[in-house]
Amino acid sequence: MSNKSKRSGSLFFRLAFRLALYSSMSVILILVLILNIVLSWPFQDSLLASISVGLLVFIVTYFFSWKFQHQRLETIYKISKNITRKKFEEYDEINTVNRDELDHLITQSIRASKTVEREIQRLNKIENYRKEFIGDISHELKTPIFAIQGFVETLLNGALEDKEVNRVFLNKAMRNINRLTFLTKDLMEISKLETGELKSSIQDLYLRNVILDVVESLQYKAQKENVQIQVNHIDKNLQVRADRNQIKQVLVNLIENGVKYNKPGGFVYIGVKDFPRNRNKVLLYVEDTGIGIEQPDLVRVTERFFRVDKSRSREKGGTGLGLSIVKHIIEAHGEKLFIESTVNKGTTFSFTLTRSGGEYMI
Ligand SMILES: Nc1ncnc2c1ncn2[C@@H]1O[C@H](COP(=O)(O)OP(=O)(O)OP(=O)(O)O)[C@@H](O)[C@H]1O
Ligand SMILES: [Mg+2]
């Protein structure tokens, strides 16, 4: 037996001893008074008889308090010692049938142990996430920073005087600065989403309006890439329950991808279908006629910083965070994301949204 458990054993022994001693002393005192004063026994006889009964009370009290309390106190001691040592066991086999104060204390200690365990796991998860995240960020920041450094150095070393190239270099540096700006914005967003800091504010939305707003804001980019965005027929009365800004963000990321990873003269179609598995939901799809994604990459595209073709994505200003943000937002809404793709034919991203009912009054 270790020193500590010896200490705990002697502590509990003393507790039972003290209880037995106080009970037997009280019994002796009361008995002496009754025998000697009330029943007029001689003092010595009264004392002897009382001590004998007191001894018996001592043994019985000591035995019962040992039997019924010692083990349970040991259990509480063990649980709290385990908490101190950050050791968490399953305590399912402990029974608390007596439902007295000690049993309540045991139940409470088990609860405390579980809470501390959960909290430690949560903090470890955040800590691991933080480490991984910082690793990823520094890796991603290096590329544009080195590029800017290279362009500025070349300019300082004489290219600034060369009218032919100075604008080109400045434009390239600017593109990398823009990339850094987008990267930091996306990083803030994803870190908030992944740590659960960003809360959704769910409201009833007219889905068609939201989609048309987003499409309008992306038309210019699409024209530049020679891609057409088409919104298929959507019932103007259709309302869904979602966070407006977050759903807009999802649409921006999906439509931007549809445009970016398309072919000149290609299309991006957006529309809404019934969701056969659940009549309370609809399926919003963003379908493109682009380069497609190979099957093994399909499961990885929503991973943070994953890009099928790093150079193509970088050239288009991509950081590999767009779909990861999409996935988090959809999951935070309790909805589902589906991806289907055929290489060289196109990709369809679709996700469910919950109908809210309500009729649109003009
Ligand atoms: N519609 C699509 N067609 C083909 N490939 C796609 C499509 N959407 C995404 N991908 C692939 O998945 C990768 C991850 O997409 P994601 O949107 O997360 O990042 P990104 O577009 O590279 O950067 P950004 O953070 O700017 O969105 C892309 O780099 C691309 O390779
Ligand atoms: Mg993207």
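Residues numbered from 1 in each chain as written. Chains lettered and ligands numbered in written order. Predicted model: local features only at pLDDT ≥ 70, side-chain atom pairs only at ≥ 80, totals over all residues. Heavy atoms only, no water.

Quick look at the layout of surface pockets now. The space that makes up the second largest pocket amounts to roughly 180 Å³. Every residue lining the second largest pocket is listed: Arg122, Lys125, Ile126, Asn128, Tyr129, Glu194 and Thr195. Looking at which element gives the most residues to the lining of the second largest pocket, the answer is helix H3 (residues 101–156), with five residues. Here the residues of the lining of the second largest pocket are counted per class, giving two nonpolar, two polar and three charged. (1 Å grid on protein atoms, 1.4 Å probe; cavity = no way out; pocket = protein on both sides within 12 Å on 5 of 7 lines; lining within 4 Å. Points joined across faces, edges and corners; volume = space filled by probe spheres on them. Helix = DSSP H or I, 4+ residues; strand = E, 2+ residues; numbered from the N terminus. Nonpolar A, V, L, I, M, F, W, Y, C, P; charged D, E, K, R; others polar.)

To continue, consider the side chain of glutamate 140. Counting through the fold element by element, glutamate 140 comes out in helix H3. What makes glutamate 140 buried here is its relative accessible area of 2%. One polar contact links glutamate 140 to arginine 307, side chain to side chain, over a distance of 2.8 Å. (Buried < 20%, exposed > 50% of the residue type's maximum accessible area, 1.4 Å probe, protein only. Polar contact = N/O pair within 3.5 Å; in protein donor to acceptor, adjacent residues only side chain to side chain.)

Take the packing of H3 against helix H4 (residues 163–194) next. Contact pair H3 / H4: the axes reach a minimum separation of 8 Å and the direction vectors enclose 170°. As summarised for this structure, H3 and H4 are arranged roughly antiparallel, according to the angle between their axes. A class-by-class count of the residues in the contact of H3 with H4 yields 18 nonpolar, four polar and four charged. (Axes fitted to C-alpha atoms, helices over the stretch in contact; angles between N-to-C directions. Parallel < 35°, antiparallel > 145°, perpendicular 65-115°, else oblique.)

Moving on, we get to a nonpolar patch on the surface. A cluster of nonpolar side chains, namely Leu29, Ile30, Leu33, Ile34, Ile37, Val38, Leu39 and Trp41, defines an oily patch on the protein surface of about 810 Å² accessible area. Mapped onto the elements, leucine 39 comes out in the loop between helix H1 (3–38) and helix H2 (43–84). (Patch = residues over 30% accessible without salt bridge, like charges linked within 9 Å, V, L, I, M, F, W, Y side chains within 5 Å. Areas by Shrake-Rupley, 256 points an atom, 1.4 Å probe, with all protein chains shown as cover. Salt bridge = Lys/Arg side-chain N within 4 Å of Asp/Glu carboxyl O.)

Without other data, these values stay purely geometric and don't point to any function.
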